[in-house]
Amino acid sequence: MALESEQIDSIDIAVEEQGHWFDLGVSIEIEGQRIELLPLLLEWLRNNEDWQQHDHDILLAQANGRPLRVKRESIQPILSILQELGEVNHDTIHLPQSQAALLAQLPEINRWVGGEHVKALADKLSNFTGIKEVVLPEGLQATLRDYQLSGLNWLVFLNEYGFSGVLADDMGLGKTIQTLAYLLYKKQIQQLEQPALVICPTSLVGNWLNEATKFTPSLKVLLLHGADRKQYFSAISDFDLVITTYPLIGRDFSELEPLHFSDIILDEAQTIKNPLAKMTKSIKQLNGKQRLCLTGTPMENHLGELWSLFDFLMPGFLGTNSTFNRFYRKGIEGEGNVQIQNWLLQKTQPFLLRRTKDEVAKELPAKTEIVHKVVLPNDQRTLYESIRITMEAKVRDLLKEKGMARSRIEFLDALLKLRQACCDPRLVKLEHAQGIKSSAKLDFLMEIVPEMVEEGRRILIFSQFAQMLGLIEQSLQERGLDFVKLTGQTRNRSEIIDKFQAGEVPIFLISLKAGGVGLNLTAADTVIHYDPWWNPAVENQATDRAYRIGQDKPVFVYKLICEHTVEERVLALQAHKQKLADSIYGLDKEDKLIPDNSDALLKLFERY
C-alpha cells in the first residue's frame, strides 16, 4: 500500500556568503529531522526532464518510502539552476553572485537563513533599485544624455560586484561614449591599473581612436593594428586602452594570451556568436577581470548566439551549450514555452541593458518604412518558376534523406538561386537566364532613384550581392548619376564616406557585409534595401547607418520585394526572428513563439 505524501508548504533557504560566491542550501524540517532537498530534487529531475511543460506539484521520493509533495512555484527557480548544472555533489550549490537574481524569484512564503548581503544584491539585480549614481569623471569632453548616464551607472554597478554584461542599446545611441566614460571613471578611482582591451571590426578601428581622442583625451590609447604593430607589444602595460581587431586576435594570440587586462570589451560582439569558431575560442581564453559586450543585436538568428556571448562574459552562467540547447532553445524556439522564455529573460535581464531609439531618443525625426512590391514580367517569372520547381524537389528529397541540420548548405544554395532570380536574372548562373534582359526590380529602382535625386534626397542603397551593386552601378552611369560604392574590395573607405557626408554625391552603394555596421552616414535621408534577408537585425543595423543620433531629417526606408516570390515569405520569417529577439530583450512577453521546422522552411519553395 502506497504511503500518503507529506505536503510541504514552505522550504528553508540557507545562504552562506563566500566573497563573490555563495553556497545555497534547500531543506525542510519534519518531526525534528532536517531533510536536505537538493539531492532529492536532482533525482526527481533525472526522471522528469519535461517538467517545465507541466504545472503539477513535485513528488520527491524519500528513503522511508513516504514522498514529499512540494509546490512547484516554491522551488521553480532552483529547479532551472539544477537542470543547467546537471549534477550536485553536496547538499548545497556553490554559485557565483551573478546567480543571486534567482533568489528574488523565490516566493516570500519560504524561510530564509543568512545571506542578507546576497538577498540585497538579488533585489538590485531584479529591479536595479539601489544602483547609485556616479559622479561624471573629470576630463570627459562630452555631455551625456540621461540614458547614457544610466548606462554609465549600470556599468559601474557591474564592475563593483564583479559582474559582466551586454550593453545592447540600439545602433547609434552611443555605446562607445558610455564605454569610454566608464573606463575614464575607472582610471579616476585607480581601478585601471591594467589596460582595457577593445576588440572591434576592422572598420571601427578609426571610430574608436577618434572618439577616445575627442571625448577622453586623458586616456592613453594604443592602436594594435597594421604591419608595424608587433613593436608595441612590450609596451602594452603602459597604456590605459588598447584597440585591436577580431581578425588580428588569431595572429597575435600568443602575445596577448599571457597578458592581464582590466577589461576585455567586444564591440559588435555578435562576431563571436559561433562558439565553435577558432577566433571565438581564442577570445574566451584571454585574461580580463571584467568583460563587456557591445552590440545592438545580441541575438541575430537563434538563442545559441546569446549563449555564446554569456559564455564569454560569465562562463557557466547559462549552463553548458548542450544543456542550454536542451532546456532553453528546445523549450523556447522548438516548443514556444512562454514560461521558459520568462525564466531566461529574468535570468539575463540584469546583465543585458537594452534601450531603443523609440524609448530614449524621442528627439530623432520620424522613420518611415515602406515595403514596395514589384511584379515580375513574364520572362523573369518563367525563369523564377523553373528554378523554384527544381529547387523545391531537390530540397524535399534532401530533407528526407539527410534531415534539416545536414541539409543546411544545399538549402541555402537553393534559396540563393531564387533570391538571385528576383534581383536580376544576370546573377543566375544558368544558361537560359543569360538571355533574359529585363529585371523588374532594377527597372523600378531606376525609376525612383533619379526622381529622388531631383528632390534633393541623399540615398543609401544596400545589397548583399556585390555583383548586383555592379549592375546598379552600370545603370547609374548610363543615366549620368553620381555615386560612390563601398564593398569588401574598397580600400579608401574614409575618403568615400567623407565624399558622401560632404554632399559631393547623392547616392551611396553599399555591400551589406562591408558597410552594414560601423558607418555614420547621417547625411542620408533615404535607405533602400534592394534584397531582403531573413535576419531583421542585419537590415536594422544597415538602416541605422543613417537613423542614429545626429540625424536631423526624417528617414525613409524602402524594402523592394518581388511579389509572389520567396522574398514575400522572407518578410514573414523576419517578423518571426524579430519576435524571438524581442521576447528575449523583454519587449514582447505576450505572444507565444512559433517553432521552426522543416515544413516551415519548405514553404519558402512552395508556389503562391
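The structure this text deals with has already been given above.
Described below are features of the structure shown in this document.

A word on the pattern of salt bridges. Evaluation of the coordinates by the stated rule reveals 23 salt bridges. As a salt-bridge pair, R229 and D252 come within 2.8 Å of each other at their nearest N and O atoms. Here D252 lies in helix 7 (residues 246–256) and R229 lies in the loop between strand 11 (221–223) and strand 12 (241–245), a separation of 23 residues in the sequence. D252 matches R229 in its accessibility class, with the two residues each being buried. The partner of E455 in a salt bridge is R457, and the shortest N-O contact between them spans 3.2 Å.

A few words now on the sheet that holds strand 19 (residues 507–511). One key point about sheets: their strands pair by backbone hydrogen bonds, in either a parallel or an antiparallel sense. The strand order across the open sheet formed by 6 strands is 16-21-20-17-19-18, and the pairing between neighbours is parallel. Looking along the sheet, the strands with just one partner apiece sit at the ends: strand 16 (367–374) and strand 18 (483–486). In this sheet, neighbouring strand axes are inclined to one another by 20 degrees on average, regardless of whether the strands run parallel or antiparallel. Pairing between strand 17 (residues 459–463) and strand 20 (residues 526–529): 4 bridges, direction parallel. Within the sheet, the bridge partner assigned to F462 lies in strand 20 and is H529.

We now examine the side chain of S475. Along the chain, S475 turns up in helix 16 (residues 466–478). Residue S475 is classed as buried on the basis of its relative accessible area, which comes to 8%. Ignoring anything within four residues of it in the chain, the contact list for S475 reads L442 and M446.

Now for the environment of G25. Looking at the element boundaries, G25 is found in strand 3 (residues 21–30). Through-space distance from the C-alpha of G25 to that of H90 is 9.4 Å; in sequence the pair is 65 residues apart. Residues within four places of G25 in sequence aside, it is in contact with D12, I13, A14, D91 and T92.

With that settled, the discussion passes to the side chain of T179. With respect to the secondary-structure elements, T179 resides in helix 5 (residues 175–188). On the accessibility criterion, T179 (0% relative accessible area) is buried. In this structure, T179 is in contact with L155, L167, W208, I265, L292 and L294, ignoring residues within four places of it in sequence.

A few words on the packing of helix 8 (residues 278–285) against helix 9 (residues 303–313). Relative placement of two packed helices is described by the angle separating their axes and the distance separating the axes. At a closest axis distance of 9 Å, the pairing of helix 8 and helix 9 adopts a crossing angle of 30 degrees. As summarised for this structure, helix 8 and helix 9 are arranged roughly parallel, according to the angle between their axes. Residues T280, I283 and K284 of helix 8 pack against W307, S308, D311 and F312 of helix 9. Looking at side-chain class alone, the contact of helix 8 with helix 9 contains 3 nonpolar, 2 polar and 2 charged residues.

With that settled, consider helix 8. Along helix 8, the positions that sit buried rather than exposed are T280, S282, I283 and K284. Structurally, helix 8 contributes buried residues whose contacts are with strand 10 (196–200), helix 7, strand 13 (260–267), strand 14 (287–294) and helix 9.

Once that is clear, we can look at the packing of aromatic side chains. Throughout the structure, instances matching the rule amount to 9 aromatic pairs. Taking the centre distance of 6.4 Å and the plane angle of 70 degrees together, the rings of F157 and F163 count as edge-to-face. Neither residue differs from the other here; F157 and F163 are each classed as buried. These aromatic residues form a ring-pair network of at least three members: F157, Y161, F163, F310, F317 and F351. K220 extends its terminal NZ or CZ atom over the ring of F239, reaching a point 5.7 Å from the ring centre. Above the plane of the ring of Y530 lies K441, whose end atom (NZ or CZ) is 5.3 Å from the centre.

Our next topic: the layout of surface pockets. Think of a ball as big as a water molecule: rolled over the atoms, this probe shows where empty space is left. Roughly 1,100 Å³ of internal volume is contained in the second largest pocket. Lining the second largest pocket are 36 residues; nearest its centre among them are T176, N207, E211, N520 and R548. The element contributing the most residues to the lining of the second largest pocket is helix 6 (residues 205–215), with 6 residues. Here the residues of the lining of the second largest pocket are counted per class, giving 11 nonpolar, 15 polar and 10 charged.

For the rest of this paragraph, the subject is the environment of L460. With respect to the helices, strands and loops of the structure, L460 is situated in strand 17. When the C-alpha positions of L460 and I510 are compared, they lie 7.1 Å apart, and in sequence the two are 50 residues distant. Excluding residues within four positions of it along the chain, L460 makes contact with F500, F508, I510, L521, A524, T526, V527, I528, R545 and A546.

A few words on the sheet that holds strand 12. Read across the open sheet, the 7 strands follow the order 11-12-10-13-14-9-15; overall the sheet is parallel. Both edges of this open sheet fall to strand 11 and strand 15 (352–353), since each of them pairs with a single strand only. Two strands pair when backbone bridges link them, and strand 9 (residues 165–167) and strand 15 are joined in this way by 2 bridges, in the parallel orientation. Looking at strand 15, one finds that L167 is bridged to L353. Sitting on the sheet, helix 4 (residues 146–160) is in contact with strand 9, strand 14 and strand 15, with an inclination near 165 degrees to strand 9.

Moving on: the packing of helix 7 against helix 8. The contact between helix 7 and helix 8 brings their axes to 9 Å, and the two run at 70 degrees. The orientation of helix 7 relative to helix 8 falls into the category roughly perpendicular. Read as a crossing pair, helix 7 and helix 8 show a hand that is left-handed. Of the residues in helix 8, those in contact with Y246, I249 and F253 of helix 7 are M279, S282, I283 and Q285.

Next up on the list: empty space enclosed by the protein. Counting across every chain of the model gives 2 cavities of 30 Å³ or more. Of the volumes computed, that of the second largest cavity is approximately 60 Å³. Lining the second largest cavity are L155, L158, N159, F163, S164, G165, Y182, D263, Q290, R291 and L292. Looking at the lining of the second largest cavity, the elements that each hand over two or more residues are helix 4 and strand 14. Classifying every residue of the lining of the second largest cavity by side-chain character gives 5 nonpolar, 4 polar and 2 charged.

A few words on a negative patch on the surface. There is a patch of like negative charges on the surface, built from D443, E447, E451 and E454. Mapped onto the elements, E454 comes out in helix 15 (residues 440–454).

Cut-offs used in this document
Each chain carries its own residue numbering, running from 1 in the direction its sequence is written. In view of the model being predicted, local features appear only for residues whose pLDDT reaches at least 70, and side-chain atom pairs are presented and counted only at 80 or more, with totals across whole chains, interfaces and linings using the full set of residues. As a rule here, side-chain values cover all heavy atoms of the structure and leave hydrogens and water aside. Each reported salt bridge corresponds to a side-chain nitrogen of Lys or Arg within 4 Å of a carboxyl oxygen of Asp or Glu. Think of it this way: any DSSP run of H or I at least four residues long counts as a helix, any run of E at least two long counts as a strand, and we number them from the N terminus. The rule is simple: take the accessible area with a 1.4 Å probe, protein chains only, and divide by the maximum for that residue type; under 20% is buried, over 50% is exposed, in between is partly exposed. In this analysis, strands are considered paired if DSSP registers two or more bridges between them. Interaxial angles span 0 to 180 degrees and are taken between N-to-C directions of axes, which are lines fitted to C-alpha atoms, for helices over the stretch in contact. By definition in these notes, contact holds between two residues if any of their heavy atoms fall within 4.5 Å. Here is the rule for angles: anything less than 35 degrees is roughly parallel, anything more than 145 is roughly antiparallel, 65 through 115 is roughly perpendicular, and the remaining ranges are oblique. Throughout, the ten residues Ala, Val, Leu, Ile, Met, Phe, Trp, Tyr, Cys and Pro are labelled nonpolar, Asp, Glu, Lys and Arg are labelled charged, and all others, Gly among them, are labelled polar. Each pair of aromatic rings taken from Phe, Tyr and Trp, with Trp reduced to its six-membered ring, is defined by centres within 6.5 Å and is described as stacked if the planes are under 30 degrees apart, edge-to-face if over 60, and tilted in the remaining cases. A ring has a charge above it when a Lys NZ or an Arg CZ is no more than 6 Å from the ring centre and no more than 35 degrees off the ring normal. Lining residues are defined by having an atom within 4 Å of a point belonging to a cavity or pocket. Those points lie on a 1 Å grid over the protein atoms alone, cavities being sets where a 1.4 Å probe fits but cannot get out and pockets being open sets with protein on both sides within 12 Å along at least five of seven lines. Grid points are joined across faces, edges and corners, and a volume is the space filled by probe spheres set on the points. Left-handed describes a crossing whose near helix is turned anticlockwise from the far helix through less than a right angle; right-handed describes the clockwise counterpart. A patch consists of residues whose relative accessible area exceeds 30% and which take part in no salt bridge; residues with like charges are grouped when within 9 Å of each other, and nonpolar side chains (Val, Leu, Ile, Met, Phe, Trp, Tyr) when within 5 Å. Note on areas: Shrake-Rupley, 1.4 Å probe, and residue coverage restricted to the protein chains presented here. Positive charges are assigned to Lys and Arg, negative charges to Asp and Glu, while His and the chain termini are left out of the count. Just so you know, the charge point we use is NZ for Lys, CZ for Arg, CG for Asp and CD for Glu.

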